[in-house]
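# Commentary on secondary and tertiary structure
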Amino acid sequence: MRTPVLATLAVVAAGVTAAGCEIPDPAGSSPSASPSATTTPAPAATGTAAPCLTGSWTSTEARGSASGGGASATLSGGSGVAVTIGANGAVTADFAQMRPVDFAAQVGGADVKGQFTYAGRVAGTVRTGAGQTGTWEPVPPVEWGDTRLTVELTEPLRLRVFDNVRIGDYLGDGAGDTGNVVDVDPFLGKGTYECRAGTLILAPADDSGITWTLTRA
């Protein structure tokens, strides 16, 4: 069982409220080793991608909302992710230049703010529709490799909730319990796509999730 992010935030907020004190800023601790961004091989592709999807893209924004476990959140940010899509449905996302995604949440009656980032790369395959809009369907397996996740609070305290955790370890069968405050399968979750003039929008399959906007690189 993986620890849901929203549940973790709820526990942290409850502890802060009960204790009436701050947790020291962990910035002075030794940072975790940065993951390699070159060790994830692309799996053999068995999918297809619409012509408007193929090529190189860069994320300009991740935006969405989340709810679950007595918490709710809104989020935005996430520019700088390099994404490539092949005609055979092969998708890779490189997080080396990613800017943080900021979130603001109500957790157990407390206002909580923070951010999360990914590091490394992810590779996978999708099947899509053939037109300008359609379904975005991942084809297992997804090669998470050394892709890592960091989640930290900035208000009402500074606390690193997840510190450079392998996203493959974090995912598991219980990944949906996060309530999507963190996109647990960035760019390779089930959803829809929409091609506009030089812009690609990848939206989640439900209303509680993250929509990624990308522009042609």
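Definitions and cut-offs
Residues numbered from 1 in each chain as written. Predicted model: local features only at pLDDT ≥ 70, side-chain atom pairs only at ≥ 80, totals over all residues. Heavy atoms only, no water. Helix = DSSP H or I, 4+ residues; strand = E, 2+ residues; numbered from the N terminus. Buried < 20%, exposed > 50% of the residue type's maximum accessible area, 1.4 Å probe, protein only. Contact = heavy atoms within 4.5 Å. Areas by Shrake-Rupley, 256 points an atom, 1.4 Å probe, with all protein chains shown as cover. Phe/Tyr/Trp six-rings, centres within 6.5 Å; stacked < 30°, edge-to-face > 60°. Core = buried A, V, L, I, M, F, W, Y, C linked by side-chain atoms within 4.5 Å. Pairing = 2+ DSSP bridges. Salt bridge = Lys/Arg side-chain N within 4 Å of Asp/Glu carboxyl O. Disulfide = S-S within 2.5 Å.

With an unreviewed UniProt entry as reference, the protein chain is termed Lipoprotein, source organism Phytohabitans rumicis.

### Here we look at the overall build of the protein chain
From N to C terminus, the protein chain includes 2 helices and 13 strands. Scored against the burial criterion, the 217 residues of the protein chain give a buried share of 43%. Of the contacts formed within the protein chain by residues at least 6 apart in sequence, a portion of 67% connects residues at least 24 apart. Carbon and sulfur atoms make up 51% of the accessible area of the protein chain, which amounts to about 10000 Å² in all.

### Here's the deal with the environment of Ala 62
Summarising the element assignment, Ala 62 is placed in strand β1 (residues 55–68). C-alpha separation for the pair Ala 62 and Leu 214, spaced 152 residues apart in sequence, amounts to 9.1 Å. Once residues lying within four places of it in the same chain are set aside, the contact partners of Ala 62 are Leu 75, Ser 76, Gly 77, Val 101, Ile 210, Thr 211 and Trp 212.

### Let's talk about the packing of aromatic side chains
Per the stated rule, a full pass over the model turns up 4 aromatic pairs. Ring centres of Phe 95 and Tyr 118 lie 5.0 Å apart, and the angle between their planes is 45°; this geometry places the pair in the tilted category. Of the two residues, Phe 95 sits in the loop between β4 (90–94) and β5 (101–107) while Tyr 118 sits in strand β6 (residues 110–119), which places them 23 residues apart along the sequence. Given a relative accessible area of 2%, Phe 95 falls into the buried group. The class for Tyr 118 is buried, based on a relative accessible area of 3%.

### Let's talk about the nonpolar core
Leu 53, Phe 116 and Trp 212 are the most contacted members of the largest nonpolar core, which has 44 residues in total. For Leu 53, the contacting residues outside a window of four places in its chain are Ile 85, Thr 128, Trp 136, Tyr 193, Cys 195, Leu 200 and Arg 216.

### So, the pairing of β5
Only one face of β5 is buried: it carries Val 101, Phe 103, Ala 105 and Val 107, and the other face, with Asp 102, Ala 104 and Gln 106, is open. Pairing of β5 with β6, which is carried by 7 bridges, proceeds in the antiparallel orientation. In the sheet register, Val 107 faces β6, and the bridge partner there is Ala 110. With antiparallel pairing between neighbouring strands as the criterion, β5 and β6 make up a hairpin whose turn holds 2 residues, including Gly 108 at a positive phi of roughly 55°.

### What about the pattern of salt bridges?
Applying the stated criterion across every chain, the model contains 6 salt bridges. A salt bridge links Arg 160 to Glu 152; the nearest nitrogen and oxygen atoms lie 3.4 Å apart. For Arg 160, a relative accessible area of 35% corresponds to the partly exposed category. Here Glu 152 falls in the buried class, since its relative accessible area comes to 15%.

### Points about the environment of Leu 153
When you line up the elements, Leu 153 lands in strand β9 (residues 148–155). In this structure the C-alpha to C-alpha distance between Leu 153 and Asp 102, which are 51 residues apart in sequence, comes to 9.6 Å.

### Description of the pairing of β6
Only one face of β6 is covered, namely the one carrying Ala 110, Val 112, Gly 114, Phe 116 and Tyr 118; the face carrying Asp 111, Lys 113, Gln 115, Thr 117 and Ala 119 has none of its residues buried. Judged from the 7 bridges that link them, β6 and β9 form a sheet pairing that is antiparallel. Across the sheet, residue Phe 116 finds its bridge partner in β9, namely Val 151.

### Re unusual backbone geometry
Across the junction of Pro 140 and Pro 141, the peptide omega takes the value 0°, indicating a cis bond. Following the sequence through the fold, Pro 141 ends up in strand β8 (residues 133–143). Of note, the amide linkage connecting Glu 155 to Pro 156 takes the cis form, showing an omega dihedral of 0°. Positionally, Pro 156 belongs in the loop between β9 and β10 (159–166).

### Observations concerning the state of the cysteines
One pass over the full model with this rule turns up 1 disulfide. Sulfur-sulfur distance for the disulfide between Cys 52 and Cys 195 comes to 2.1 Å. One disulfide, between Cys 52 and Cys 195, carries an S-S torsion of 70° and so falls in the right-handed class. Here Cys 52, found in the loop between α1 (5–19) and β1, pairs with Cys 195, found in strand β11 (residues 191–196); they are 143 residues apart in sequence, far enough to count as distant. The exposure class assigned to Cys 52 is buried, which follows from its relative accessible area of 15%.

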